[in-house]
Amino acid sequence: MPGRIEDYALVGDLLTAALVGRDGSLDWLCLPRFDSSACFAALLGDRDNGRWLIAPAEPDGPYARRRYRGDTLILDTEWETATGQALVTDFMPRREGAPCVVRIVEGLSGSVDMQMDLRLRFDYGRVLPWMRREDGALTGIAGPESVWLRTPVRLTAHGKAHTARFRVSAGEQIPFVLTWHPSHLPAPDPVDAFAALRATETYWQEWLRPLTYHGPYRDAVARSLITLKALTYEPTGGIVAAPTTSLPEQIGGSRNWDYRYSWLRDSGLTLEALLRSGFTAEAEAWRGWLERAVAGRPQDIQVMYGIAGERRLNEWEADWLPGYEGSRPVRVGNAAAQQRQLDVQGEVMETVYLTVRSGLRPRQHMVSLQRLLLDDLEHAWTAPDQGLWETRSAPRHHVHSKVMCWVAFDRAVRLAEEFGRSGPVDRWRQVSDRIRQEVCEQGFDPARSTFTSAYGSPELDAALLLIPQTGFLPPDDPRVLGTVEAVRRELAADGLVLRYATGDGPSPDGLTGPEGAFLACSFWLADALLLIGREDEALELFERLLSLRNDVGLLAEEYDPVTGRQLGNFPQAFTHVPLIRVAYELDQHATQHRRGLPRPGE
Ligand SMILES: OC[C@H]1O[C@H](O[C@H]2O[C@H](CO)[C@@H](O)[C@H](O)[C@H]2O)[C@H](O)[C@@H](O)[C@@H]1O
C-alpha cells in the first residue's frame, strides 16, 4: 500500500525524478526520462509493482524526520529508534553517464538495525527482470533495460525481492547506488556515492544563487523554484507538469491523468515564475524548446508536447496496475494533446512579452512564429474550445479562453509599442477590442454580476479569477469585483476554491463525482484579492495555503479539505507557480506600503 500523496518527497537529476515515502520506500521512478516506463511503480499499486525500501528494521514504525539539505534536492531522512539514530540521504546526481539514484545510510548515534527490500519491475510494474550478480553488482535485466545495484551490504534473494539486514553504528556510512543502463551495453561505470553527494550539493546551492526574492516567504519560494527546476528536462528545456501519472483527483475515482508532458500553458507560467525570480538561463532553454516543438504550420500547434517536442502522446491504460488506493484507470499518454484550447496562444504571447521585457534577445524564428500564430488566431478565436480544464465534453465558448485570446493580441500590440516590434498593430488592436466587446456582452451575467464559465452558461469557472491579472479589465471594475465575489461564494470549499462545481450529474469535464479544491485556483483567489485591495484576506488565504504543504514544502494539484489529504499529480508545477507569484506580489505590496505609496483600492 503506498503512502498518502503528501508522504512523498521528490529527488531528481533534471531528466527524471523519483518519489520517496516517509517510510523510506522509493515508490516511483521512470528511467531514463520523466516519460519513460517506471521501474518502480508501487505508487500506483503495491510493493509488488516495484519499490526500493531502506529503513530501520524495527517493526513498530520508528519515528522519521525529513528535510531537504539546505537549498538542494538532497533528501535527509533522520530515523529515531530505540537503539540509536540513523540518517538516510537520498539523491540523484546530475547525469554524467548512466542515470542513478544514490542512498547513503549513516549512523548518527548508537546503532540501528536496518533493512533493505528491492523489488525491481520494468514496464510500470509488469515485467519481472532476471536478477543476477555481475561485476560486483546485483543486476536486473529484461528487454532493453538493465538496472545495477552496487553496495557493500550482502543482499539475499527472497521470493521476488532482494533483501538485506544490516547494522549501522555511529560514524559509519553505507552507500547504495542504483544505476539504469541500456541492457545491450557493457556494465555502467561505478559511481562514487560520496563524491556525487558533494557535487550534487554544490550544484543546487549554486543554482539558487540568482534568486531575487528576499521576503518573509523565502523558504517556500526557494523550495518551489527548486521543484520547478527539478521538473525541467535539461537536455531540451521542456518542462513537465508533474513527474507522475494517475495520482487521483478523487480517491477511488477515474480522474487520473498523465502529467509527464510539457503543456504550453503550464510551462509558459513556469517560465514566468523562473524569470521573475532571476533565472534567465531556463527561459532561454524553454524558448528554444518552444521554437522546435511548434515548428510547422500554426494551425497544427498543440496544447502539449513530449519533453523533446514529440507530438504523439497516445493515451492508453495500464490495466494490470490497481491504481493509487484503487483509483483506476492508470493512464499513460494524454489524449488532451489533440484538443483545441484557445488560451494557449495567449499564454505563449505573454511569456514572449515577459522574456523580451526581461532583456532576453529576440530571436528571428520566434518573431516569425508570433506573426503566424496571430494570423491564425485572428480567425480561430471565434471557435468554441475545450478550455484550460481540458474538458472531454462538447466544446464551448469558454470565457477564460477568449480572455486569453485578447491577451495574445494585447501583448503583440505592447511588443510593438514598447519594443519597436513590427506588425499590423491597428488590426491587432481592432481584434482585441472585438474580443473584449464580445466577452463582455456574451460572457457576462448582469443579473448575478459575474462573468461565467462559457457564453450563455450559468456555471462559474475559477479561471475567471485570472481576469484582473491579465489587464483585460482594471481590477476595480465592478464586473471584476462581482466575479471575484461570485467565485468565492459559489465555488468555495472550506475557504479554498473548486475549479468548477461538480454536482450530481456529469461535470463540465464530462466525468462524474467530486474532486478536491484546486490549489492553483486557490492561489489565484489570493492574487485577485490582493489586486482588488483586500490584502488582509489575501494574506490569510496565502498562509493557509502554505500550511497545506507537506513536511518538505511540496504541493499536489488538489487538496481535500474534508480528509485533509493532498490529491492529484505530485508535485505539480501549476500549483507551485502561483505560490511564487503571490509571495512576490505580497512583498511588493508591503514595500509600497512602507514607502507610503497608495495600494490598489486605496
Ligand atoms: O481534469 C481534466 C483534465 O485534467 C488534466 O489537465 C489538468 O492538468 C493540466 C496539466 O497541469 C493543466 O494544464 C490543465 O489545465 C488541467 O485541467 C489532464 O491532463 C487532462 O487530460 C484532463 O482532461
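Residue indices follow the written sequence of each chain, beginning from 1 at its first position. Side-chain atom pairs in this predicted model are given and counted only at pLDDT of 80 or more, local residue features only at pLDDT of at least 70, and totals for whole chains, interfaces and linings cover all residues. Just so you know, side-chain values use all the structure's heavy atoms and leave hydrogens and water out.

If you check an unreviewed UniProt entry, the protein appears there as Glycoside hydrolase family 15 protein from Streptomyces bluensis.

Our next topic: the side chain of Ser25. Along the chain, the position of Ser25 falls in strand β3 (residues 25-30). Burial classification: accessible surface area is computed with a 1.4 Å probe over protein chains only, and a residue below 20% of its type maximum counts as buried, one above 50% as exposed, and the rest as partly exposed. On the accessibility criterion, Ser25 (1% relative accessible area) is buried. As used in this structure description, the phrase polar contact means that two N or O atoms lie within 3.5 Å; if the pair is within protein, one of them must be able to donate a hydrogen and the other to accept it, and residues adjacent in sequence are counted only when both atoms belong to side chains. Separated by 2.5 Å, the side chains of Ser25 and Asp27 make a polar contact. Ignoring sequence-local partners within four residues, the contact set of Ser25 consists of Tyr8, Leu19, Val20, Arg51, Trp52 and Leu53. Strands are runs of DSSP state E lasting at least 2 residues, helices are runs of H or I lasting at least 4, and numbering of each runs from the N terminus. Only heavy atoms matter for contacts: two residues are in contact if any of them lie within 4.5 Å across the pair.

What follows deals with the pattern of salt bridges. Salt bridge criterion: a side-chain nitrogen from Lys or Arg within 4 Å of a carboxyl oxygen from Asp or Glu. Under the defined criterion, the tally for this structure stands at 54 salt bridges. Between Glu515 and Arg499 there is a salt bridge; the shortest N-O distance is 2.8 Å. Note that Glu515 is positioned in the loop between β25 (496-497) and β26 (517-518) and Arg499 in the loop between β25 and β26, a separation of 16 residues in sequence. In this structure, Glu515 and Arg499 share a single accessibility class: buried. A single network of salt bridges, built from pairs that share partners, joins Asp48, Arg51, Asp117, Arg119 and Arg121.

Once that is clear, we can look at unusual backbone geometry. Cis geometry marks the peptide bond from Leu31 to Pro32; its omega dihedral reads 5°. Here Pro32 is to be found in the loop between β3 and β4 (38-40). Of note, the bond from Phe570 into Pro571 is cis; its omega dihedral lies within 30 degrees of zero at -20°. Within the secondary structure, Pro571 sits in the loop between β28 (565-567) and α14 (573-594). Of note in this structure, Ser449 is not a glycine but carries a positive phi near 55°. Summarising the element assignment, Ser449 is placed in the loop between β22 (444-445) and β23 (450-451).

Any residue with a heavy atom lying within 4 Å of a molecule or strand is counted as near it. The ligand sits among 17 residues. The nearest are Asp266, Asn334, Leu388, Glu390 and Gln572. Between the ligand and the protein, one listed contact pairs an oxygen atom with a backbone N or O atom of Leu388 at 2.4 Å. Glu390 places a main-chain nitrogen or oxygen 2.9 Å from an oxygen atom of the ligand. With residues, only the protein chains shown are counted as cover, and all accessible areas are computed by Shrake-Rupley using a 1.4 Å probe. Protein chains shield 100% of the accessible area of the ligand, which is 480 Å² for the free molecule.

With that out of the way, let us pick up the packing of helix α2 (residues 193-207) against helix α3 (residues 218-230). Fitted lines through C-alpha atoms serve as axes, helices being fitted only where they are in contact, and the angles separating the N-to-C directions of these axes extend from 0 to 180 degrees. Their axes nearest at 11 Å, the elements α2 and α3 cross at an angle of 115°. Here α2 is positioned roughly perpendicular relative to α3, judged by the angle of their axes. Here the hand of the crossing between α2 and α3 comes out right-handed. Across the interface between the two elements, Tyr203, Trp204 and Trp207 of α2 pack against Leu225, Ile226, Lys229 and Ala230 of α3. When residues are grouped by polarity, Ala, Val, Leu, Ile, Met, Phe, Trp, Tyr, Cys and Pro land in nonpolar, Asp, Glu, Lys and Arg in charged, and all others, Gly among them, in polar. Residue composition of the contact of α2 with α3, by class: six nonpolar, no polar and one charged. Angular relationships are summarised with four words: roughly parallel below 35 degrees, roughly antiparallel beyond 145, roughly perpendicular across 65 to 115, and oblique for the angles in between. Helix crossings are classified by the rotation of the near helix relative to the far one: an anticlockwise turn of less than a right angle makes the crossing left-handed, while a clockwise turn makes it right-handed.

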